[in-house]
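Structure assessment
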Amino acid sequence: MKTKIIAQNVKNMPWEPRPEGNKEIVWRYSGNPIIGRNATPSTARVFNSALVPYGDGFVGVFRADDIYTMMRVHLAHSKDGINWDLEDKPIEWVDEEGKPYQPFYAYDPRLVKIDDTYYIMWCTSFGYNPTIGMGYTKDFKTFTRLENAFLPFNRNGVLFPRKINGNYVMLSRPSDNGHTPFGDIFISESPDLTYWGKHRKVMAATDGWQHLKIGAGPIPIETNEGWLMIYHGVLHTCNGYVYSFGAALLDLENPSKVLYRAAPYMLTPEADYETIGFVPNVAFPCSALVDTDDGRIAIYYGAADTHIAVAFGYVDEIIDWIKKNSKLYHGDDNIGRD
Ligand code: BMA
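In short, a report on the structure. Bear in mind that the values here come from a model prediction, so they are computed numbers and not experimental data.

The next subject is the pattern of salt bridges. In a structure, side chains of opposite charge can pair up when their charged atoms sit close to one another. Taken as a whole and assessed by the stated rule, the structure comprises 19 salt bridges. For Asp116, the salt bridge identified is with Lys138, shortest N-O distance 3.4 Å. Note that Asp116 is positioned in the loop between β9 (106-114) and β10 (117-126) and Lys138 in the loop between β11 (129-137) and β12 (143-145), a separation of 22 residues in sequence. On the basis of relative accessible area, Asp116 is assigned to the partly exposed category, the value being 49%. The exposure class of Lys138 is partly exposed, given its relative accessible area of 48%.

For the rest of this paragraph, the subject is the site of the ligand. As a matter of local geometry, the ligand sits amid Asn48, Arg63, Tyr107, Asp108, Tyr243, Val279, Val282, Phe284 and Asp305. Within the side chain of Arg63, an N or O atom sits 2.6 Å from an oxygen atom of the ligand. Within the side chain of Asp305, an N or O atom sits 2.6 Å from an oxygen atom of the ligand. Look at the ligand: alone it shows 310 Å² of surface, and the protein chains cover 87% of it.

A few words now on the pairing of strand β6 (residues 71-78). Most of β6 sits inside the fold, with six of its eight residues counted as buried. When strand β5 (residues 57-66) meets β6, the two strands line up antiparallel, connected through eight bridges. From the neighbouring strand, Arg63 faces β6, where its bridge partner is Val73. What sits between β5 and β6 in their antiparallel hairpin is a turn of four residues, with Thr69 showing a positive phi close to 65 degrees. Bridge analysis of β6 against strand β7 (residues 84-90) gives four bridges, and the strand direction is antiparallel. Counted as the bridge partner of Ser78 is Trp84 from β7. The loop that links β6 with its antiparallel partner β7 comprises five residues; one of these, Gly81, has a positive phi angle of about 80 degrees.

Calculation criteria
Residues numbered from 1 in each chain as written. Predicted model: local features only at pLDDT ≥ 70, side-chain atom pairs only at ≥ 80, totals over all residues. Heavy atoms only, no water. Salt bridge = Lys/Arg side-chain N within 4 Å of Asp/Glu carboxyl O. Helix = DSSP H or I, 4+ residues; strand = E, 2+ residues; numbered from the N terminus. Buried < 20%, exposed > 50% of the residue type's maximum accessible area, 1.4 Å probe, protein only. Near = heavy atom within 4 Å. Polar contact = N/O pair within 3.5 Å; in protein donor to acceptor, adjacent residues only side chain to side chain. Areas by Shrake-Rupley, 256 points an atom, 1.4 Å probe, with all protein chains shown as cover. Pairing = 2+ DSSP bridges.

Coordinates in, geometry out; function isn't part of it.
In structure tokens form, the structure reads like this:
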């Protein structure tokens, strides 16, 4: 392996080798979708979700829309990363004094381990408007909410897995209250996860599969080539939005700077479980596992707002592919604040 990866190592990776003759940069797991409709009595659909290695298996925070079509986040455990035990009740949050503090709704969670703490970001309701909710757990039993990171309207808050130049760093996508018809990726810093500032623009929606809006996906993966950022991009068709995903490399010390950005998508909805469902044509990645020894990667994505699916690849190949197909757009070259 050429690339050096600094991330939470996954030994017992869920994995399937590239099918013979497959030339795509990432390939779909043949057992997709791994979880879907009516997984528990209270949950109708389980999709955009995040997980990390934990103990001798995995733990995850899963987006589930319930039988009233409310957006919730539930805890789930797995031995192999493929078969999941999903709790029927949503995660119950407390505030920093230990008093119950439940969000009105919660969706599209991300999950990252920093030191001995697991941080969860999600799209939360703040005065019934969406913004980035944050909290942490050390044991997946008690979940403590922190201050909401940003003012409404915002979505797709993704914390980096370590401080950079002394500060926590978070990607986000300022938006509006509906099915937002715009959106670029921004980055903010905080010394303490309470006060956020030094906001910069990372990159903008451009053309083709990512012409309408973009949003960060899994926790960025640190490599010697830069931060590997997998993100979703949206195309507006006459039949609605199509969510694909692609990848870019961000500067290690200044991740508001895009080094390379692949022009084509990595994956666009093609399989039935991506094109048919509650919201057809959605592939929405929120999480990735990596084996830092051999660079295998498993990308978890929500499919058609109905199921969870997995795609596999190699970090080495993805980085080569990004560089070979890179096209930087106006706004990617660290204009920061203009
Ligand atoms: C976005 C979010 C995602 C969803 C996507 C497609 O705005 O709400 O949770 O997967 O739309 O419906």
